[in-house]
Amino acid sequence: MDDHINPFKYFLETFNPTIFKRRFPTLRFLLQRSWGAWIAFAAFIFFFSTQGYAFAGLFIIISAVMAMNGLAKTDLVLAHRTPAWWKKHPTLKVLHFINSEGEMAGIFIGVLTLIVIGLVNPQDLSRIHWPIGEVFTLYGIMSFANWTVHHMVTIMTIVEKYTGKFGVIFLGSLLSALTGEPAAAVFLSEYLGDRVTPQNKAKLATTLAGSIGSGGGWLPFSAPPILIIWGILSHEFGWSILDLMLFIGLGCVTHAFIVSLIARKYIKDPEEKLSIKYLKSALYTFGFLGALVLAHIFAHGPFLWLMDAVIGINVSFTLAQLYKDRLTALVIAKKLNTEEMRRQDDEYEHMAEKAFSSTFQPMLLAFLLLALEVIGHAAEPFIEIIAETIPESWPLLVTGLFLFYVTAVVSHFADNALASRVFIVVAVAFMGHLGAAAGNFLAIAVVYGALFGGFLMIPANLPNFAISRAFHVDAGRWMKNAIGLYWTGIVYVGALILWSILLIR
């Protein structure tokens, strides 16, 4: 080869695209699944840098939605579309046990958005509301909730003993307001995983998602679509915890009740008599979690945030070591008993995924809360235009129903926390024109839409990922079965009609 040859020209002349297709199927697949997100983000950069903030807001929403849906396919890709050798590689094998890809995609888009804002319009950074208290709250409560998961079998056994299968779903869903929705998804899935026939797994999975997605809404600390806007609800609308329980609890608890009635028929009776074990330690652990939630209600402040950080770090390290010991034991058992190697491999993989979720998911959710706030801030100019196009001559009930359905539809495709953060801007805008009562009603409509909309597709709500993995339900079967529950939205519509009568006179 000539020493003076142009390397770029040589590359173009010798490049064979068939080699790229054959050697990099994973990269090609990811680009196909997520190309829309990157095009939308490029459009966001263009319009934001040219001060077209309304269009920039539209495209950042599209980018976030497509990234959280498209890039979440990496779990499927890495598990099924690449050679198996990397699973045993000492460094690369850790990638196989990573989950929460949708959350990480949202964080990635949020970080990129923050960088763009900082480079193009740095003074705009001071106008971003950073939900620091909410971040620490989510991290602390959900971290300790992960610690309580292995005690919840005892709690659920007590619940079923006295309230039956319906009580397990309904009260378990309401407990998600204390334990966090993803943690509730884990313990309910584990408790009921062997109590459902194969043909009913998708039906039980989607009803669990609908019940948990609503049941966690009566407190703000563990439901991301409420937690992310809790600062707005409390400061702009003047809501207290009691207001939230009253305004939102009416719809979400009733919806969880109806869906739980549906879910109970998919659960088989236990094969053995219910026996309660480790009751004392379970009650102590769950009691501390309740006390932690109460402390956030009555003593919310920097000292408690520091306590949240200490709890989160301590639980993460403790669970990481606990799972490390269990995984080591599985490796040793596999070497001693080669006949069960296949079963041990599956168990190792399942436990490794649980280890990642237990150790890192609370932290990821906390960062996602910050990322969604940045995305929501960038999207506000577009949402304000939507608010201005809604005729004030519409009856307020019609406006509320419109907001409910728009928020629900966006929640179907994006994380419902993003939907609530984006559309609460409309309620704030209308409150300035029509008064506090109208603002409260429209805020209720937005929260109802986010809670209801989080069950239709897997990326729509955080607990859906854990439920779909536990019951082995793919995206197609999930949506097919979830559609059958769509009529239950009439519960929220009825609650909205009632609040329109009570608040608007």
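Nothing here was measured: the structure is a model prediction, and the numbers come from that model.

Remarks on the overall build of the chain
Link 1 in the chain: Check the secondary structure of the chain and you find 22 helices and zero strands.
Link 2 in the chain: Classification of the 505 residues of the chain by burial places 52% in the buried group.
Link 3 in the chain: Contacts in the chain between residues at least 24 apart in sequence constitute 80% of all its contacts with a sequence separation of at least 6.
Link 4 in the chain: For the chain, the exposed surface amounts to about 23,100 Å²; the carbon and sulfur share of it is 67%.

Observations regarding unusual backbone geometry
Link 1 in the chain: Its identity is not glycine, yet Gln 51 carries a phi of approximately 65°, on the positive side.
Link 2 in the chain: With a phi close to 55°, His 472 is a non-glycine residue in the positive phi region.

Details of helix H17 (residues 396–413)
Link 1 in the chain: For H17, spanning 18 residues, the distance from its first C-alpha to its last is 26 Å, which sits close to the expected 26 Å at 1.5 Å a residue.
Link 2 in the chain: Residues of H17 that are buried include every one of Leu 396, Thr 399, Gly 400, Leu 403, Phe 404, Thr 407, Ala 408, Ser 411 and His 412, and no others.
Link 3 in the chain: Buried residues along H17 sit in contact with helix H18 (416–434), helix H19 (436–453) and helix H22 (490–503).

With respect to the side chain of Thr 137
Link 1 in the chain: Tracing the backbone through its elements, the reader meets Thr 137 in helix H7 (residues 132–148).
Link 2 in the chain: Here Gly 133 takes part through its backbone oxygen, which lies 2.8 Å from a polar atom of the side chain of Thr 137.
Link 3 in the chain: Here Thr 137 is in contact with Phe 221, His 296, His 300, Trp 305 and Asp 308, once residues within four sequence places are set aside.

Describing the packing of helix H8 (residues 152–179) against helix H13 (residues 241–263)
Link 1 in the chain: Across the interface, H8 lies against H13 with an axial gap of 8 Å and an inter-helix angle of 150°. Taken together, H8 and H13 sit at an angle that is classed as roughly antiparallel. Along this stretch, H8 crosses H13, giving a crossing that reads as right-handed. Contacts from Phe 166, Ile 169, Phe 170 and Leu 174 in H8 reach Val 253, Ala 256, Phe 257, Ser 260, Leu 261 and Ala 263 in H13.

Quick notes on a nonpolar patch on the surface
Link 1 in the chain: Together, Leu 250, Ile 497, Leu 498, Ile 501 and Leu 502 make up an exposed nonpolar region whose accessible area comes to about 400 Å².
Link 2 in the chain: For the nonpolar patch, the element with the highest residue contribution is H22, accounting for four residues.
Link 3 in the chain: As for its position among the elements, Leu 250 is in helix H13.

Digging into the pattern of salt bridges
Where charged atoms of side chains with opposite charge meet at close range, the side chains can pair.
Link 1 in the chain: If you walk through the whole model with that rule in mind, you get five salt bridges.
Link 2 in the chain: With a shortest N-O distance of 2.6 Å, Glu 160 and Arg 195 are connected by a salt bridge. Residue Glu 160 is located in helix H8, and its partner Arg 195 is located in the loop between helix H9 (181–192) and helix H10 (201–215); the two are separated by 35 residues in the primary sequence. Taken individually, Glu 160 and Arg 195 each receive the classification buried, so the pair is uniform in this respect.
Link 3 in the chain: Among the salt bridges present, the one from Asp 269 reaches Lys 165, with a minimum N-O distance of 3.1 Å.

Observations regarding the packing of aromatic side chains
Ring pairs (aromatic) are described by centroid distance and by the angle formed between their planes.
Link 1 in the chain: Counting across every chain of the model gives 22 aromatic pairs.
Link 2 in the chain: With 5.1 Å between their ring centres and 80° between their planes, Phe 166 and Phe 257 make a pair best called edge-to-face. A residue pair is termed long-range when its members are at least 10 positions apart, and Phe 166 in helix H8 and Phe 257 in helix H13 qualify at 91 residues.
Link 3 in the chain: Here the aromatic residues Phe 404, Tyr 405, Tyr 448, Phe 452, Phe 455, Tyr 486 and Tyr 492 are joined through ring pairs into a cluster of three or more.

Notes on the environment of Thr 407
Link 1 in the chain: Relative to the helices and strands, Thr 407 resides in helix H17.
Link 2 in the chain: In the structure, Thr 407 is positioned 17 residues away from Ile 424 in sequence and 9.3 Å away in space, judged by C-alpha atoms.
Link 3 in the chain: Discounting residues that sit within four places of it in the chain, Thr 407 has contacts with Ala 419, Ser 420, Phe 423, Val 446, Gly 449 and Ala 450.
Link 4 in the chain: Polar contacts involving the side chain of Thr 407 include one to the main-chain carbonyl oxygen of Leu 403, which spans 2.7 Å.

What about the packing of H17 against H22?
Link 1 in the chain: One way to put it is that H17 packs onto H22 with a least axis distance of 10 Å and a crossing angle of 150°. By the angle class used here, H17 and H22 are roughly antiparallel. At the point where H17 passes H22, the crossing takes the right-handed sense. Contacts between H17 and H22 involve Leu 397, Gly 400, Leu 401, Phe 404 and Tyr 405 from the first element and Tyr 492, Val 493, Leu 496, Ile 497 and Ser 500 from the second.
Link 2 in the chain: Counted by class, the contact of H17 with H22 contains eight nonpolar, two polar and no charged residues.

Structural notes on H9
Link 1 in the chain: For H9, built from twelve residues, the straight-helix expectation of 16 Å at 1.5 Å per residue is met to within 8% by its first-to-last C-alpha distance of 16 Å.
Link 2 in the chain: In terms of residue burial, H9 counts as a mostly covered element, since ten of its twelve residues are buried.

Digging into the confidence of the model for the chain
Link 1 in the chain: Per-residue confidence for the chain averages 82 on the pLDDT scale, and 81% of its residues sit at or above 70.
Link 2 in the chain: Overall, residues 71–86 carries pLDDT values under 50, and its contacts beyond four positions in sequence, including any with other chains, amount to 34 contacts.
Link 3 in the chain: Across residues 92–98, where pLDDT falls below 50, the model places 21 contacts with residues more than four positions away in sequence or in other chains.

A word on the nonpolar core
Link 1 in the chain: Membership of the largest hydrophobic core comes to 141 residues, with the highest contact counts inside it found for Met 156, Trp 239 and Ile 248.
Link 2 in the chain: Ignoring any residue separated from it by four or fewer positions in sequence, one finds Ile 248 in contact with Gly 217, Ile 226, Trp 239, Asp 243, Ile 444, Val 447, Tyr 448 and Leu 451.

Cut-offs applied
Residues numbered from 1 in each chain as written. Predicted model: local features only at pLDDT ≥ 70, side-chain atom pairs only at ≥ 80, totals over all residues. Heavy atoms only, no water. Helix = DSSP H or I, 4+ residues; strand = E, 2+ residues; numbered from the N terminus. Buried < 20%, exposed > 50% of the residue type's maximum accessible area, 1.4 Å probe, protein only. Contact = heavy atoms within 4.5 Å. Areas by Shrake-Rupley, 256 points an atom, 1.4 Å probe, with all protein chains shown as cover. Expected span 1.5 Å × (residues − 1). Polar contact = N/O pair within 3.5 Å; in protein donor to acceptor, adjacent residues only side chain to side chain. Axes fitted to C-alpha atoms, helices over the stretch in contact; angles between N-to-C directions. Parallel < 35°, antiparallel > 145°, perpendicular 65-115°, else oblique. Left-handed = near helix turned anticlockwise from the far one by under 90°. Patch = residues over 30% accessible without salt bridge, like charges linked within 9 Å, V, L, I, M, F, W, Y side chains within 5 Å. Salt bridge = Lys/Arg side-chain N within 4 Å of Asp/Glu carboxyl O. Phe/Tyr/Trp six-rings, centres within 6.5 Å; stacked < 30°, edge-to-face > 60°. Nonpolar A, V, L, I, M, F, W, Y, C, P; charged D, E, K, R; others polar. pLDDT = per-residue confidence, 0-100. Core = buried A, V, L, I, M, F, W, Y, C linked by side-chain atoms within 4.5 Å.

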